[in-house]
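Each chain is listed here by its residues.
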Amino acid sequence: MMKKKSVSARKASLVLFLCQMISALDVPLDSKLLEELSQPPTITQQSPKDYIVDPRENIVIQCEAKGKPPPSFSWTRNGTHFDIDKDAQVTMKPNSGTLVVNIMNGGKAEAYEGVYQCTARNERGAAVSNNIVIRPSRSPLWTKEKLEPNHVREGDSLVLHCRPPVGLPPPIIFWMDNAFQRLPQSERVSQGLNGDLYFSNVQPEDTREDYICYARFNHTQTIQQKQPISVKVFSTKPVTERQPVLLTPTGSTSTKVELRGNVLLLECIAAGLPTPVIRWIKEGGELPANRTFFENFKKTLKIIDVSEADSGNYKCIARNRLGSAHHVISVTVKAAPYWITAPRNLVLSPGEDGTLICRANGNPKPNISWLANGVPIAIAPEDPSRKVDGDTIIFSHVQERSSAVYQCNASNEYGYLLANAFVNVLAEPPRILTPANKLYQVIADSPALLDCAYFGSPKPEIEWFKGVKGSILRGNEYVFHDNGTLEIPVAQKDSTGTYTCVARNELGKIQNEVHLEVKDPTMIIKQPEYKVIQRYGQASFECVIKHDSTLLPTIIWLKDNAELPDDERFLVGKDNLTIMNVTDKDDGTYTCIVNTTLDSVSASAVLTVVAAPPTPAIIYARPNPPFDLELTGQLERSVELSWIPGDENNSPITNFVIEYEDGLHEPGVWHYQTEVPGTQTTVQLKLSPYVNYSFRVIAVNEIGRSPPSEPSEQYLTKSANPDENPSNVQGIGSEPDNLVITWESLKGFQSNGPGLQYKVSWRQKDVDDEWTSVIVANVSKYIVSGTPTFVPYEIKVQALNDLGYAPEPSEVIGHSGEDLPMVAPGNVQVHVINSTLAKVHWDTVPLKTVRGHLQGYKVYYWKVQSLSRRSRRHVEKKILTFRGNKTFGMLPGLEPYSSYKLNVRVVNGKGEGPASPDKVFKTPEGVPSSPSFLRITNPTLDSLTLEWGSPTHPNGVLTSYILKFQPINNTHELGPLVEIRIPANESSLILKNLNYSTRYKFYFNAQTSVGSGSQITEEAITIMDEVQPLYPRIRNVTTAAAETYANISWEYEGPDHANFYVEYGVAGSKEDWKKEIVNGSRSFFVLKGLTPGTAYKVRVGAEGLSGFRSSEDVFETGPAMASRQVDIATQGWFIGLMCAVALLILILLIVCFIRRNKGGKYPVKEKEDAHADPEIQPMKEDDGTFGEYSDAEDHKPLKKGSRTPSDRTVKKEDSDDSLVDYGEGVNGQFNEDGSFIGQYSGKKEKEPAEGNESSEAPSPVNAMNSFV
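Each value, and the rule that gives it
- Residues numbered from 1 in each chain as written.
- Predicted model: local features only at pLDDT ≥ 70, side-chain atom pairs only at ≥ 80, totals over all residues.
- Heavy atoms only, no water.
- Pairing = 2+ DSSP bridges.
- Helix = DSSP H or I, 4+ residues; strand = E, 2+ residues; numbered from the N terminus.
- Axes fitted to C-alpha atoms, helices over the stretch in contact; angles between N-to-C directions.
- Disulfide = S-S within 2.5 Å.
- Buried < 20%, exposed > 50% of the residue type's maximum accessible area, 1.4 Å probe, protein only.
- Phe/Tyr/Trp six-rings, centres within 6.5 Å; stacked < 30°, edge-to-face > 60°.
- Lys NZ or Arg CZ within 6 Å of the ring centre and 35° of its normal.
- Salt bridge = Lys/Arg side-chain N within 4 Å of Asp/Glu carboxyl O.
- Contact = heavy atoms within 4.5 Å.

### So, the sheet that holds strand β39 (residues 438-443)
Taken together, the four strands give an open sheet; going across it, the order is β39-β46-β45-β42, and neighbouring strands pair in mixed fashion. The two strands at the open ends of the sheet, each matched to only one other strand, are β39 and β42 (461-466). Across the sheet, the mean angle from the axis of one strand to that of its neighbour is 25°, orientation sign disregarded. Pairing between β39 and strand β46 (residues 508-519): six bridges, direction parallel.

Pasting the structure below:
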């Protein structure tokens, strides 16, 4: 009990002592004073405590300090002295403590890893920096690992682990694909705080091979990539829904520790189907408002600037329609030390007392330790004036030797704080910092504050005197402030004078004089008064002032405390404000403000606008016309016009328009002269000579224009010489021997007098020749004949009248007429650059032979023949024009391996000159186009027959064909590629020793000596032993093309119920094939919307049959017609013909039915037998082949890949089932819905095994064959 009492008594005495202490000196922030006073060091700049550096760049460890005298610097490294002089890689900046470690010239950042501390020292003490931990950043590579594909069932959860390498600082994680596109994230798929990618449930679209985790190390600007992760989702039907299960964190509870002031991040990611929704709550409390945010689709709870009050249990709840799951995270907020009261610098006088207080808080509570000049205070040199009491150092009766820098360190397990505070004991005589003879001006009856800023140690005493020999100022009429300022609460005129401030302490005395002037106040002696004004009346406010004669006042008027409207109705005078034609919007409060440099006064008054006494309704109309026009002050070139305005009809006149009539040249036509404001009724008008003027005036207001006034009296001005000459003078010859001079004639009133004529003058340029002149009447053209061809002339045209000539005109340059050039360009040379481009050179022709303006050169060139075919064709000349005086040009778009001719001609404004002799040149060979077709026929067990057509454009001499082929297995994988070179004169080849029942892909192209051309591809299958091939076959693709559509037909052999499609595109184009689906099992299709006169490629395929397709066919649509032809299907004769054909078919079917019932053999029956189920087809005894129906004469198989010839007719020999047998070929009329084709094309598909009846109408071709 006694011990507790003694502690309490000691604390009480300490508090009493602190209360009785004299406060420390305040040092004014005067730059000159601060430069003269001694001061211990103060750290002003230092590197961060945890300093991560780039290992590729120089390390800069900052340490800046100030002090008087300037401090010196030293460093420790890992607690021991760091001698920078012994390390060639380390330098210290001049007048600074900052270290620079030279890494870029051979140093290694790892060698300088450690804890550094800077000390700044002068004769008054030593300040230290924080412990600066230097660590080089690291961006290690990912460890090699073998990643197995993830096979996941649809609806299951999945976690893709990132596990980035440990870097310094930690990397930023993100997921992307091979195309460097961020993977989309959602409530279902998201990235966790640890970088892993979480799938609450997987979907088929999650299948991909390129889930890639990237780690970005910002410090070194590098990105590391993990090996791609493969995910394959397999489907099971039905997909089982599941209630939520937490993927992270695991278990039902977990803990989290966060530091005060940091950002708290809590995460919950759940699996489940449907995708769970996350919700967060705080047990026993609310989530802090304004500091809580939800991220990552509410899977992450973010609380910024956390404090101890945020500790508690946070629950996340994951819920879907099947149930819920939850997890509780217990959060504890700890705190690194933070300041409550940081120590502050002390400036004391000898013998004074003071304290340094260092108070910090944290969780756990930090320990407080003191250092003096960087040394623990327990082992620092003793100072009898110093006493340490926990977080406080008490100084008593300090002396100059007590000056030092003290460090307070507050630390706990989560960090530390270090603060420097100096004690500076100064002995300084008084100084007055206020400028001498400073003038103060105040208004009478207001306070006056006279400054006397001072400094001294010990603190000086301040006294004030008035006048040179005045007594010391005392009494209630003055207030003396601690900072030395003298206040006169109510200054009067007799307060004016000189005041002296005296500062003294035991080390000296100093004084300073200031001056005070007291001015008369500014007053408004006549204030504005309240006004009630009728609308459209006039309001006036007065503001008369009285002020001190030495002050310059300014007067400002305000309306409703804002600037006056920008309106000319508001007139501000010297001491009044006048408002003209007041309106309702002028209602308000008007304030007069008077400002001087020392005071400001104001006065206000209200203006109320009222309506005028009741009057008849105002009618607004256009003004009446002016009247009484009068001309006065007539001069040769001016006259004064005056008038009297008409009634403005309640709308003020805004302006007057003055018009004139020239009764001499244009009687009855009025022209605009000028206009003047509506307040003006006279105007001085400028006149032209030799014009009989009449004037009229038109008044204008907001409603409109008045009728014109009556014309004024006429005034005829005197004649004079013309003032100007014609404009736009030109000289251009129309024939080789003339010069046509043209100009724009003067207007009538520009003649200035009667007898207007023109003097036309010309002479040949650059020839010592006299001017030739002629005077012509008032025209605008003159032709000079007999001139040399295309020579320059100087030309001028001068106006004159009966009184004389206009001023001398300026000269222009013209040219006599052009003639065709005389000579052709010479030395024409052709340089062939490549097979499609040539460059032609020529010499320019002499300019004299051009005989005109040189416009350029034209190159005529044309193809003579193709060197590969030796066949001539119609010559189509092409022309290229090269502007200006060029001597070469490029000829693009040439055809390879061809003979060309060209000539060159010069061109002027008249036309072309003679052609140069024809120059022959040849283009070299190029690569050929693709072969015109590739057919694969006669498939056997181990061979295929290939037939092809030569390239449409060989572009040279074909040297060979290149055939490449490779097998394709059932999974569409390609086997080894085999290449065969075939002589150029061959057109077919039998490939032997192939695998049976195997699909092959063929690549075929032609070659010249230059190289290989584009290739054509095809696929085919060898047949299987003992059974009919199981693979389908589409052959004999034929086309019948019209202007904008084409009918496509084909033959199909294979399984029933195949779904066909047609692919087509522009021939020779690299664009993707366009695809059209064929409805049902038809073997024809109509392509619509085609471009007339265009070559197309087409092929037919069957879906679901390993992507099997036919070979390509090429056709060309017909040219665009001027008008559409008549639809044949609507013609009477055609309908009659169709009925006759239908009747004929019916008779044939009856005959067939009768013969069949009699058991007779006929071709159709044989064919049906041949097309029965392949499992039960009989074998021929002689060769073991299938018992197919075949007729050597009448039933030859159709040729595959037949194409429409260029004349747009279908050759009969190309197909026995061709439409030529039944219609008018391509030029016949076809319905665009394909009905014509559907009735008359022969269908070759295999019949169903169950019966002999076809699902479509019987083919007339088969019927005909049966009948025969």
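Having seen the structure, we can now continue with the description.
### Notes on the state of the cysteines
Tallied over the full model, the rule gives six disulfides. Each disulfide pairs two cysteine sulfurs, and for C358 the partner residue is C408, the sulfurs being separated by 1.7 Å. Sign of the S-S torsion, about -65° for the bond between C358 and C408, identifies this disulfide as left-handed. Of this pair, C358 sits in the loop between β30 (354-357) and β31 (359-363) while C408 sits in strand β36 (residues 404-412); the two residues are 50 residues apart in sequence, bridging distant segments of the chain. Across the pair, exposure class does not vary: C358 and C408 are buried alike. Across the protein chain, the disulfide pattern expressed with sequentially numbered bonded cysteines is 1-2, 3-4, 5-6, 7-8, 9-10, 11-12.

### Thoughts on unusual backbone geometry
Put simply, T248 and P249 share a cis peptide bond, and its omega is -5°. Counting through the fold element by element, P249 comes out in the loop between β20 (242-248) and β21 (253-259). The omega torsion across L273 and P274 is 5°, close enough to zero to call that bond cis. Checked against the element boundaries, P274 lands in the loop between β23 (269-273) and β24 (277-282). Look at Y536: it is not a glycine, yet its phi comes out positive at around 70°. Here Y536 lies in the loop between β48 (531-534) and β49 (539-542).

### Examining the packing of aromatic side chains
Considering all chains together, one arrives at 23 aromatic pairs under this definition. Taken together, a centroid distance of 5.4 Å and an interplanar angle of 25° make the contact between F541 and Y590 stacked. With F541 in strand β49 and Y590 in strand β55 (residues 588-595), this residue pair connects regions lying 49 residues apart in the sequence. Here Y590 falls in the buried class, since its relative accessible area comes to 0%. Look at W1050 and F1060: their rings are 5.7 Å apart centre to centre, the planes differ by 65°, and that puts the pair in the edge-to-face class. With W1050 in strand β87 (residues 1046-1053) and F1060 in strand β88 (residues 1059-1066), the pair connects residues that are ten residues apart, well separated along the chain. This pair shows no difference in class: W1050 is buried, exactly as F1060 is. These aromatic residues form a ring-pair network of at least three members: F174, F180 and Y214. Looking at R935, its charged tip hangs above the ring of F933, at a distance of 4.0 Å from the centre.

### Describing the pattern of salt bridges
Should their charged atoms come close, side chains of opposite charge can pair. Counted according to the given criterion, the structure contains 37 salt bridges. Of the charged contacts, one joins E283 and K315 as a salt bridge, the two residues approaching to 3.8 Å between their closest N and O atoms. Linking E283 in the loop between β24 and β25 (292-295) with K315 in strand β27 (residues 312-320), this pair joins segments that are 32 residues apart in sequence. Judged by its relative accessible area of 33%, E283 is partly exposed. For R359, the salt bridge identified is with D391, shortest N-O distance 3.4 Å. Of this pair, R359 sits in strand β31 while D391 is found in the loop between β34 (386-389) and β35 (392-395), placing the two residues 32 residues apart along the sequence. Residue R359 is classed as partly exposed on the basis of its relative accessible area, which comes to 38%. Take D391: its relative accessible area is 25%, and that puts it in the partly exposed class. Linked through salt bridges whose partners overlap, the residues forming this network are D177, R208 and D210.

### Some thoughts on the environment of S719
Considering the arrangement of structural elements, one finds S719 in the loop between β63 (715-716) and β64 (727-732). Separated by 29 residues in sequence, S719 and Y690 have C-alpha atoms that sit 4.5 Å apart. Each residue touching S719, except ones within four places of it in the same chain, is listed here: P689, Y690, N752, G753, P754 and L803.

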